[in-house]
Amino acid sequence: MRGKTDAVTALELEAETPLSDAMKGYFAKCEEKLGMVPNVLRAYSFNNEKLEAFVAFYNDLMLADSGLSKLDREMIAVAVSSVNQCYYCLTAHGAAVRQLSGRPELGEQMVMNYRSADLGRREKAMLDFAVLMTENSAAIEEEDRQELRDAGFSDRDIWDIAAVAAFFNMTNRMASATDMRPNPEYHAQAR
């Protein structure tokens with residue numbers, strides 16, 4: 001990483017737009033709930049419009065009503081990030097899996113290789129699909145979607161699995177390309 005050791009990314013981006021009151025409030029809420037502002041948000045904060053778009057999309061995918069639990073979505077993030085070797089997302093979302101599952105070993109297994117984790121058929125099917133999307137999305141066929149249905153997922157759930165996997169494939173690439181650094185706090189969470 002080039003630049004200062006406390007830099008969020010290797011890029012030296014000057015603020016193009018000031019943060020809106022809504023985003024200032026969002027940062028304050030992060031500080032209150034998490035004790036920090038995630039560095040991914042700081043990375044996007046050079047441009048308020050990009051930050052707002054990122055936050056809206058992330059919140060919709062990861063927090064909105066879905067047949068997928070919050071833990072399901074975090075496990076997808078980690079499985080995809082493991083294939084992509086994304087340091088930022090493995091650190092941040094690995095911590096979330098540890099915390100949400102109450103099983104620190106699950107977070108570690110997910111980071112290294114989700115196949116080593118004690119997962120049910122449903123979770124394994126979900127993660128197999130997310131990894132197939134990551135490694136070779138053009139190879140997905142109806143039998144892959146049917147495997148998810150057979151594991152108990154609705155077609156809407158399949159949409160959500162695909163959307164979360166696609167989002168993290170994009171964010172992994174941005175994090176890697178910019179050498180985005182995770183907040184140090186993530187390393188100690190839920191251990």
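Overview of the structure. (Residues numbered from 1 in each chain as written. Predicted model: local features only at pLDDT ≥ 70, side-chain atom pairs only at ≥ 80, totals over all residues. Heavy atoms only, no water.)

So, the packing of helix α1 (residues 21-34) against helix α3 (residues 48-63)
Stated precisely, the cut-off is as follows: Convention adopted: a line fitted to C-alpha atoms gives each axis, helices being fitted over their contacting stretch, and angles between N-to-C directions are expressed from 0 to 180 degrees. To qualify as a helix, a DSSP run of H or I must reach at least 4 residues; to qualify as a strand, a run of E must reach at least 2; elements of each kind are numbered from the N terminus. Here the angle decides the label: under 35 degrees means roughly parallel, over 145 means roughly antiparallel, 65 to 115 means roughly perpendicular, and every other value means oblique. Here a crossing is taken to be left-handed if its near helix is turned anticlockwise relative to the far helix by less than a right angle, and right-handed if that turn runs clockwise. We call two residues in contact when some of their heavy atoms are within 4.5 Å.
Where α1 contacts α3, the two axes come as close as 10 Å, and the packing angle between them is 55°. By the angle between their directions, the pair α1 and α3 is classed as oblique. Crossing angle aside, the handedness with which α1 passes α3 is left-handed. Between α1 and α3, the residues in contact are M23, Y26 and F27 and N48, L51, E52, V55 and N59, respectively.

Observations regarding the nonpolar core
Test applied: Here, nonpolar core means buried Ala, Val, Leu, Ile, Met, Phe, Trp, Tyr and Cys residues that are tied together by side-chain atoms lying within 4.5 Å of each other. Throughout, exposure labels follow a simple rule: accessible area from a 1.4 Å probe, protein chains only, divided by the maximum for the residue type, with under 20% read as buried, over 50% as exposed, and the rest as partly exposed.
Within the largest apolar cluster, 57 residues are counted, with the highest numbers of intra-cluster contacts made by L41, I76, Y88, M110, L127 and F168. Those elements that provide at least two residues to this core are α1, α2 (39-44), α3, α4 (70-84), α5 (87-101), α6 (104-113), α7 (121-136) and α9 (155-178). The leading source of residues in this core is α9, at eight residues.

So, the packing of α4 against α9
Interaxial distance between α4 and α9 falls to 9 Å at its minimum, and their mutual angle equals 45°. By the criterion of interaxial angle, the relationship of α4 to α9 is oblique. Along this stretch, α4 crosses α9, giving a crossing that reads as right-handed. Contacts from R73, I76, A77, V80, S81 and N84 of α4 reach α9 at I161, V164, A165, F168, N169, N172 and R173.

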